[in-house]
Each structure stands twice: as C-alpha cells, then as structure tokens.
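Remarks on the overall topology
What follows is each chain in one-letter form.
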Amino acid sequence: MELKQAAKDFVNGFDDRKGMFPYEAFNIDNVYEVLSKSEPFTMEDFNSSLKKTKISELDYQIYLEDVKRLHQHRVKNRWDYLQFYDEQDTYIMIKPLMTLINLQFKYKIDMFSFMSMEACSNAIKYVKAYEDIDVNGVYPKFEDNSQKFYLTENYWQSKVKGYLSQDKHQKRDSTNNVQDSDYNYFKQLFKGSNCSICGCKFTFDNKPTLDKIDNSKGHSKDNVQPCCSCTRVSLDNLYPQSTLTKSYQSYLNSSQMTPKLN
Ligand SMILES: [Zn+2]
C-alpha cells in the first residue's frame, strides 16, 4: 500500500498532502550541485521515467507555493525543500498511525507483541470471538429458575435400578452398588452440594445424577460424585464444530474425549 493511500484510508477527511519530489532530477554525481541551487525545480525535473508520469500543472503550482512559503521562512536552497518534503512524508503518517493505535487499543491489543498489521487484525478476530466469555463463568450457560431439587424416594429407586442395569450391561462390578437404603444419605448429599463438574445448582430442570469417578468400576458409594446433565452435553454444544479445524474435531471426537454417558 502506498503512503498516500494509507493516509487516505486511515484518516477521516484526508487533509494532509503528501509532498512531491523530483527523484530523477539528479544523480549520485551531481546531487550536491543540483540540490545546492536555490531556484525551484522545473516541471521537467519532476518527470518520472520509472513511473512514466509527469507532474500536473496543478501539482506544480502547489510545489511552487510550498517553495515560496519556505523562502519566507529563511529557506535557501533545494536541500531545505528536501528536508521539508521528508518531514511532510513523516507527518502524514502520524494520523493513520494514531488511528491504528486507537483501533487496537479499543480491543486491548498490545501492538508490540505482533509483527504485522495482519497479526494485529487476527488478534482482533480472537477478541471478537471471545468477547462474551466470562473466564469465571459456568458453561454451557442456561437460565434455570426452576425449583431447587430435592430427592424423592421414587426418583432414587429408579436411579438405583438404572445404575444397576447400566453396570450389568457394561459388565462392571456392581456388588457394592448404591441401594434403595442409601436414600437418606444421597438426599442430604444432593441437598448440600452442587455439580462436581460444572458447579451448577441442582434444580428440577437440572436434576442430579451420579457420575462415576473411575469409569471402569460400578456405581458404588465411594466411586460416585453428584453431577448434573453437563456430563451429557454433547461436545457439539461445547465446541461448535464450525469453529474447529478438522484435525481438532477428530481429536475431540476420539474415544479419549467422548463424554461419559451415565
Ligand atoms: Zn454440571
């Protein structure tokens, strides 16, 4: 991108002019002679054989006015014009740079950590993707205003039955499994605890279940912890597939990461 274009793109109401300089009016052999002159460059001096351009009448008038103004400020020769041109080229960058710095600052991006504007833009992308996430929050998030859960005997008995049949089906040792008679123990446990995985409260919309600590063993009293339906949330809810790369998707879907189904 050219400096002039950057100044235009990143500054509201582009008002700083980029100066003009006749790069081809001198060479390494005559630079001192040419730049020490005090009369203005001619229009032909601004011809560019590289860009195949000539200065317009209007731009040349602007140049002459700059020179006239500089002469009023004790400017003597073309070296002084060169200095003026260089300063103008530097000055024109200040507003675009301030605009970019302010833009990054808004997203709390440390520009010194990145090598390029592309890397900074990428950082903004991540800021936008994570802006709603509360690092201390509980995910997945849902509003649950239903009544606080209390264990009923019926519910407990059906759970006990369910755990036993699961363990038998999976050929796990169920000798020490929780029993109907553990009702009071678990009633108190559910009353006084939150989900051990996500910390959610137990309610009638978010009923507790017993999560096995060691998945190879049965639902014995010392191998279970109270948890909510979060362990049954599909990975797709936790990590929308569209946000993941193919290889990471397959990693998540591999057996290691498959959520436990109690
Ligand atoms: Zn949970």
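The sections below set out a description of the structure shown in this document. (Residues numbered from 1 in each chain as written. Predicted model: local features only at pLDDT ≥ 70, side-chain atom pairs only at ≥ 80, totals over all residues. Heavy atoms only, no water.)

1. A short note on the overall build of the protein chain
Convention followed: Strands are runs of DSSP state E lasting at least two residues, helices are runs of H or I lasting at least four, and both sets are numbered from the N terminus onward. In this description, contact between two residues means that some pair of their heavy atoms is separated by no more than 4.5 Å. Here the Shrake-Rupley method, with its probe set to 1.4 Å, supplies the accessible areas, and only the displayed protein chains count as covering residues.
Broken down by element type, the protein chain carries nine helices and two strands. Taken from N to C terminus, the helices and strands of the protein chain fall in the order α-α-α-α-α-α-α-β-β-α-α. For the protein chain, long-range pairs separated by at least 24 residues make up 58% of all intrachain contacts whose partners lie at least 6 apart in sequence. Summed over its atoms, the accessible surface of the protein chain is roughly 18300 Å², and 54% of this surface lies on carbon and sulfur atoms.

2. Description of the pairing of strand E1 (residues 209–212)
Worth spelling out the cut-off: Partly exposed describes any residue whose relative accessible area lies between the buried limit of under 20% and the exposed limit of over 50%, with all areas from a 1.4 Å probe on protein chains only and scaled to the type maximum. In this analysis, strands are considered paired if DSSP registers two or more bridges between them.
Of the two faces of E1, the one lined by Thr-209 and Asp-211 and the one lined by Leu-210 and Lys-212 are each fully buried. Pairing between E1 and strand E2 (residues 224–227): four bridges, direction antiparallel. Its bridge partner lying in E2, Asp-211 is registered against Gln-225.

3. Notes on the pattern of salt bridges
Threshold: Each salt bridge in this description consists of a side-chain nitrogen of Lys or Arg and a carboxyl oxygen of Asp or Glu lying within 4 Å of one another.
Applying the stated criterion across every chain, the model contains five salt bridges. In this structure, Asp-66 and Arg-69 form a salt bridge, with 3.1 Å as the shortest nitrogen-oxygen distance. Within this pair, Asp-66 and its partner Arg-69 are both found in helix H3 (residues 57–72), separated by three residues, close to a single helical turn. We classify Asp-66 as buried; its relative accessible area is 2%. A salt bridge links Arg-172 to Asp-167; the shortest N-O distance between them is 2.9 Å.

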